[in-house]
Amino acid sequence: MAMTKKRIAIVSTGGTIEKTYDQLQGVLSNRVSVLDVMLAGLELNGVELFRVALMAKDSNDMTAADHTLIAETVQTLSRSYDGVVVVHGTDRLSETGEEIKEIVGEPKAPIILTGAMRPYELRHTDAVQNLTEALLAVQLVHPGVYVSMHNRLIEFPGVVKDRMRGTFVHRDDG
C-alpha cells in the first residue's frame, strides 16, 4: 500500500537563519535565501514541500503590517496543507507567533515557527537543527501555533525570546 505524503507549506520571511555574507559590503544580509540549500541536504521521505518566499527581511525591520501579512498567509495555507512551517528572524518571532495565534485562532493544521541564532553560513550554526526539528514537529503535533528551536517545542500564546540564554521560553517558565 502506498504511503500518502504529508503536504507541508514552508514560508520564508528572512531572518538570521537565511542571512548570507555580502563580501562587497562586509555584512550579513537577507539578499539571497539559503533555505533551498538547507532543504536539499535533508532526507524528507514522506513529505511534499510547497515553498512560499513571502519576504526577505531581518525581523527587526518588520512592521505590524508584515506580521499581519505572515499571519494571513499562514491562515490560508493551514486550510490546505497538513502543516505550515514559518522560517523567521528570532528578534520579532514572538510578535508574529502571537499575531498568527490571534488571527488564526485554532488552526486546522500545526503551525511551527523556527529560526536561528546564528546564520546557516557560519560554521557553528543552529539553523539546520532548528529547521529539521520544525519539519518533524509539524508532522507530529496536534494543530496549534508553536515555536520549535533548540530541541524544544513551545505553544503560543506566551512564547518569548530569552536573550540571556539565547533561546525561546514560555513567559511563565521565566
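Residues numbered from 1 in each chain as written. Predicted model: local features only at pLDDT ≥ 70, side-chain atom pairs only at ≥ 80, totals over all residues. Heavy atoms only, no water.

Engineer: What should I look at first to understand the confidence of the model for the protein in this one?
Structural biologist: Interpretation of the predicted coordinates at a detailed level should be avoided for regions scoring low in pLDDT. Averaged over all residues, the pLDDT of the protein is 89; the fraction at 70 or higher stands at 86%. Here strand E3 (residues 27–29) stands out as the element of the protein with the lowest mean pLDDT, 54, in contrast to strand E6 (residues 111–114), whose mean of 98 is the highest. (pLDDT = per-residue confidence, 0-100. Helix = DSSP H or I, 4+ residues; strand = E, 2+ residues; numbered from the N terminus.)

Engineer: Honestly, helix H2 (residues 64–80) in this entry has me stumped. Any pointers?
Structural biologist: The α-helix winds at 3.6 residues per turn, so residues separated by three or four positions along the chain end up facing the same way. End to end, H2 covers 25 Å across 17 residues, agreeing with the expected 24 Å (1.5 Å per residue, within 8%). On the buried face of H2, the contacting elements are strand E1 (6–14), strand E4 (47–57), strand E5 (83–87), helix H3 (93–104) and E6. (Expected span 1.5 Å × (residues − 1). Contact = heavy atoms within 4.5 Å.)

Engineer: Just checking my understanding: could you explain the side chain of Asp66 for this structure?
Structural biologist: Along the chain, Asp66 falls in helix H2. Asp66 gets classed as buried once you look at its relative accessible area, which sits at 10%. (Buried < 20%, exposed > 50% of the residue type's maximum accessible area, 1.4 Å probe, protein only.)

Engineer: Just to check I follow, could you spell out the sheet that holds E4 for this structure?
Structural biologist: What links the strands of a sheet is backbone hydrogen bonding, and the strands pair in either a parallel or an antiparallel sense. Across the sheet, which stays open at both edges, the six strands sit in the order E4-E1-E5-E6-E7-E8 with mixed pairing between neighbours. The open sheet has two free edges, formed respectively by E4 and strand E8 (152–155), since each of these has just one partner strand. Pairwise comparison of adjacent strand axes, ignoring direction, gives a mean angle of 20 degrees for this sheet. Sheet contacts for H3: E6 and strand E7 (145–149); angle to E6, the most-contacted strand, approximately 170 degrees. (Pairing = 2+ DSSP bridges. Axes fitted to C-alpha atoms, helices over the stretch in contact; angles between N-to-C directions.)

Engineer: Please clarify how unusual backbone geometry should be interpreted in this entry.
Structural biologist: Apart from glycine, the bulk of residues carry a negative phi angle, and the bulk of peptide bonds sit in the trans form. A cis amide bond links Phe156 with the next residue in sequence, Pro157, at an omega value of 5 degrees. Here Pro157 shows up in the loop between E8 and strand E9 (159–162). Of note, His150 is a non-glycine position whose phi angle comes to about 55 degrees, a positive value. With respect to the helices and strands, the residue His150 is situated in the loop between E7 and E8. Accessibility expressed as a relative area gives 23% for His150, which makes it partly exposed. With phi around 70 degrees, Asn151 is a residue other than glycine that occupies positive phi space.

Engineer: What's the story with the nonpolar core in this structure? I'm lost.
Structural biologist: Side chains of a nonpolar character, in soluble globular proteins, are inclined to be buried together. Formed by 24 residues in total, the largest nonpolar core has its most connected members in Val84, Ile100, Ile111, Leu113 and Val147. At four residues, H2 tops the list of elements feeding residues into this core. Those residues in contact with Ile111 that sit more than four places away from it in its chain are Val74, Ser78, Val84, Ile100, Val104, Gly144, Val145 and Tyr146. (Core = buried A, V, L, I, M, F, W, Y, C linked by side-chain atoms within 4.5 Å.)

Engineer: Mind showing me how you'd approach the packing of H2 against H3 here?
Structural biologist: What describes two packed helices is the angle between their axes and the distance between those same axes. As a packed pair, H2 and H3 sit with axes 8 Å apart at the nearest point and diverge in direction by 50 degrees. By the angle class used here, H2 and H3 are oblique. For the pair H2 and H3, the sense of crossing is right-handed. Together, His67, Thr68, Ile70, Ala71, Glu72, Val74, Gln75 and Ser78 of H2 and Glu95, Thr96, Glu99, Ile100, Ile103 and Val104 of H3 make up the contact between the two elements. Residue composition of the contact of H2 with H3, grouped by class: six nonpolar, five polar and three charged. (Parallel < 35°, antiparallel > 145°, perpendicular 65-115°, else oblique. Left-handed = near helix turned anticlockwise from the far one by under 90°. Nonpolar A, V, L, I, M, F, W, Y, C, P; charged D, E, K, R; others polar.)

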